[in-house]
Amino acid sequence: MLFVFNKGGLERLTQVLRGWARVQKSEVAETPLGIFIVPNRRGIIYPTVTSELWQRYLNKNGTVTDIRHARRLIYEGGVSDEARGEIWRCLLSLHNHSHTHRQKSFRNQLLADKYKDIRLKVPDQESDPEAYSNFCTIVSEIEKDCCRTDSHNPLISGADNPNQAALKRILINYYLHRPEMGYVQGMSDLLVPIFLVVREESEVFWCFDFFMNRSAFSKVLYCNLYQQLAFLREVIGLLLPDIYNYLSTTGDALTLTCCHRWFLLFFKREFDLNQLLKLWDVLLGAPSPFFQVFISAAMISLRFPTMIDQHLSATELLMESQKLAGTFDLNQVLKQARHIYQQLVDLPEVPCSLIPLVGGEGDYWDGFRNPNFTCLDCDKKGFCEMKRDYVRVS
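Conventions adopted
- Residues numbered from 1 in each chain as written.
- Predicted model: local features only at pLDDT ≥ 70, side-chain atom pairs only at ≥ 80, totals over all residues.
- Heavy atoms only, no water.
- pLDDT = per-residue confidence, 0-100.
- Contact = heavy atoms within 4.5 Å.
- Helix = DSSP H or I, 4+ residues; strand = E, 2+ residues; numbered from the N terminus.
- Buried < 20%, exposed > 50% of the residue type's maximum accessible area, 1.4 Å probe, protein only.
- Axes fitted to C-alpha atoms, helices over the stretch in contact; angles between N-to-C directions.
- Parallel < 35°, antiparallel > 145°, perpendicular 65-115°, else oblique.
- Nonpolar A, V, L, I, M, F, W, Y, C, P; charged D, E, K, R; others polar.
- Salt bridge = Lys/Arg side-chain N within 4 Å of Asp/Glu carboxyl O.
- Left-handed = near helix turned anticlockwise from the far one by under 90°.
- Expected span 1.5 Å × (residues − 1).
- Arc of directions from axis to C-beta.
- Phe/Tyr/Trp six-rings, centres within 6.5 Å; stacked < 30°, edge-to-face > 60°.
- Lys NZ or Arg CZ within 6 Å of the ring centre and 35° of its normal.
- Disulfide = S-S within 2.5 Å.

### Considerations on the confidence of the model for the protein
Thought 1: Here the protein averages 86 in pLDDT, and 81% of its residues register 70 or above.
Thought 2: Note that pLDDT drops below 50 for residues 19-29; the model gives that stretch 24 contacts with residues more than four away or on any other chain.

Pasting the structure below:
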């Protein structure tokens, strides 16, 4: 039996159905046409977003008509290989979802011209020899890293490979465009997946620029590595208390040094390329701007209990965690990460310190869910900076 709902009616009905003992929350879904589905007891299986399915979200002018629902489907079901390039261009803000075909074409040309102009920022050797010397040092580092990055992949390996040359140009131009970010080892690792999906050089550059702003290398508020680790610590404390208690009494394990690589490289060492692209689909479609925190919490919840049973020290935990690369079941990790995220937003009280992690009201797909954010020390000051910055005032 099929029922068609409009204007968020399905979501409101879902809230009612959650109270039914015989219908679980995970068993309610919606198709792109607003079709309500109650599947069998194995739960809902969301469709992968193919090119054909993505086109159903576009009107005749090329505008995405329901970006929230599209992101939800991407978050739950992932993206097919042939659709990934177009969808990532949208999720990585090369195009705004409201852009028409004409606006996208105009913006592509504008950004291509802007990309060419970046090369004009190369320091002049005569007028500023120190800056030029620093630039040459960075170029040398980039060239070395690009030769080592994914050297097993024939699409980008080899000194005469034009794709490897394009990677070098993009990273050099990124340094010129964002000198405040500098260049650090690991950026080439983050660039490769975007390059292999988007391909066109100037478009890859701008997608990479957006992606870096949400990475652990970023200087944007709440994005840096130690802030993301702080979010992870708090999530573990709230939802995985047994693991938190063990880490807090085991040397400096609660610094979560074992998770640094996960955040810096967005799990690139933990999964092969095909799995990594599927994981990044979910990261880009997720309702949280820092869903990597929930991915990390899921990986910890799946593997750390065994290590804790062995009473490992902080150093041993670090060593064992480095051996986990290639051992995770991606579907299991994603399922657990979604579950932990849902657990957090459904808490009776969510600490206001996690507002950047959860996101404001406008970040949700359904547009009306409103977690109960609770202030701790903020009450002593009489106001909450987090709520002021992130939660829409009604």
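### Brief notes about the side chain of His-99
Thought 1: Looking at where His-99 falls in the secondary structure, it is placed in the loop between helix H4 (81-91) and helix H5 (101-118).
Thought 2: Those residues in contact with His-99, other than ones at most four positions away along the chain, are Gly-62, Thr-63, Lys-104 and Arg-107.

### Comments concerning the environment of Leu-91
Thought 1: Position of Leu-91 relative to the elements: it lies in helix H4.
Thought 2: Overall, the relative accessible area of 9% leaves Leu-91 in the buried class.
Thought 3: In this structure, Leu-91 is in contact with Arg-71, Ile-74, Phe-210, Leu-284 and Gly-285, ignoring residues within four places of it in sequence.

### Brief notes about the packing of helix H10 (residues 225-239) against helix H11 (residues 241-248)
Thought 1: Look at H10 against H11: their axes get within 6 Å of each other, and the N-to-C directions meet at 120°. In terms of orientation, H10 and H11 fall into the oblique class. Residue-level contacts link Arg-233, Ile-236, Gly-237, Leu-238 and Leu-239 of H10 to Pro-241, Ile-243 and Tyr-244 of H11.
Thought 2: Here the residues of the contact of H10 with H11 are counted per class, giving 6 nonpolar, 1 polar and 1 charged.

### Section: the pattern of salt bridges
Side chains carrying opposite charge are able to pair once their charged atoms draw close together.
Thought 1: For the structure shown, the criterion picks out 12 salt bridges.
Thought 2: Across the pair Arg-84 and Asp-81 runs a salt bridge, and its minimum N-O distance is 2.9 Å. Of this pair, Arg-84 and Asp-81 both sit in helix H4, 3 residues apart, roughly one helical turn.
Thought 3: Taking the relative accessible area as the measure of exposure, Arg-84 reaches 3% and is therefore buried.

### Some remarks on the side chain of Asn-153
Thought 1: With respect to the helices and strands, Asn-153 occurs in the loop between helix H6 (129-148) and helix H7 (162-177).
Thought 2: With relative accessibility at 10%, the residue Asn-153 sits in the buried group.

### A word on unusual backbone geometry
Thought 1: Within the chain, Asp-150 stands out as a residue other than glycine whose phi angle is a positive 45°.
Thought 2: Counting through the fold element by element, Asp-150 comes out in the loop between H6 and H7.
Thought 3: The exposure class of Asp-150 is buried, given its relative accessible area of 13%.
Thought 4: Positive phi outside glycine occurs at His-311, with the angle close to 55°.
Thought 5: Looking at the secondary structure, you find His-311 in the loop between helix H14 (292-309) and helix H15 (314-322).
Thought 6: Residue class for His-311 comes out exposed when judged on its relative accessible area of 64%.

### What to know about the packing of H4 against helix H13 (residues 273-285)
Thought 1: Closest axis-to-axis distance for the H4/H13 pair is 10 Å, and the angle between their directions is 35°. For the element pair H4 and H13, the recorded crossing hand is left-handed. Here H4 contributes Arg-84, Trp-88 and Leu-91 to the contact with H13, which in turn contributes Leu-277, Lys-278, Trp-280, Asp-281, Leu-284 and Gly-285.
Thought 2: A breakdown of the residues in the contact of H4 with H13 according to their chemical character gives 5 nonpolar, 1 polar and 3 charged.

### Points about H6
Thought 1: In a regular helix each residue adds 1.5 Å, so 20 residues correspond to 28 Å; H6 covers 29 Å between its end C-alpha atoms and thus fits that length.
Thought 2: Burial in H6 covers these residues: Phe-135, Ile-138, Val-139, Ile-142, Asp-145 and Cys-146. The arc that holds every buried residue of H6, seen down its axis, measures 130°, which confines them to one face. Residues of H6 that are exposed and point more than 90 degrees away from the buried face comprise Glu-130 and Arg-148.

### So, the packing of aromatic side chains
Thought 1: Applying the stated criterion across every chain yields a total of 16 aromatic pairs.
Thought 2: Relative to Phe-205, the ring of Tyr-115 has its centre 5.0 Å away and its plane inclined at 50°; by these criteria the two rings are tilted. Here Tyr-115 is found in helix H5, whereas its partner Phe-205 is found in helix H9 (residues 201-212), with 90 residues between them in sequence. The same class applies to Tyr-115 as to Phe-205, namely buried.
Thought 3: Members of the aromatic cluster, joined through ring pairs, are Tyr-115, Tyr-174, Phe-205, Trp-206 and Phe-208.
Thought 4: In this structure, Arg-303 packs its charged tip against the face of Phe-328, placed 4.7 Å from the ring centre.
Thought 5: Lying over the aromatic face of Tyr-75, Arg-338 brings its terminal NZ or CZ to 5.5 Å of the ring centre.

### Looking at the state of the cysteines
Thought 1: Taken as a whole and assessed by the stated rule, the structure comprises 0 disulfides.
Thought 2: The thiol sulfur of Cys-259 is not disulfide-bonded, and the nearest other cysteine sulfur, from Cys-258, lies at 3.9 Å.

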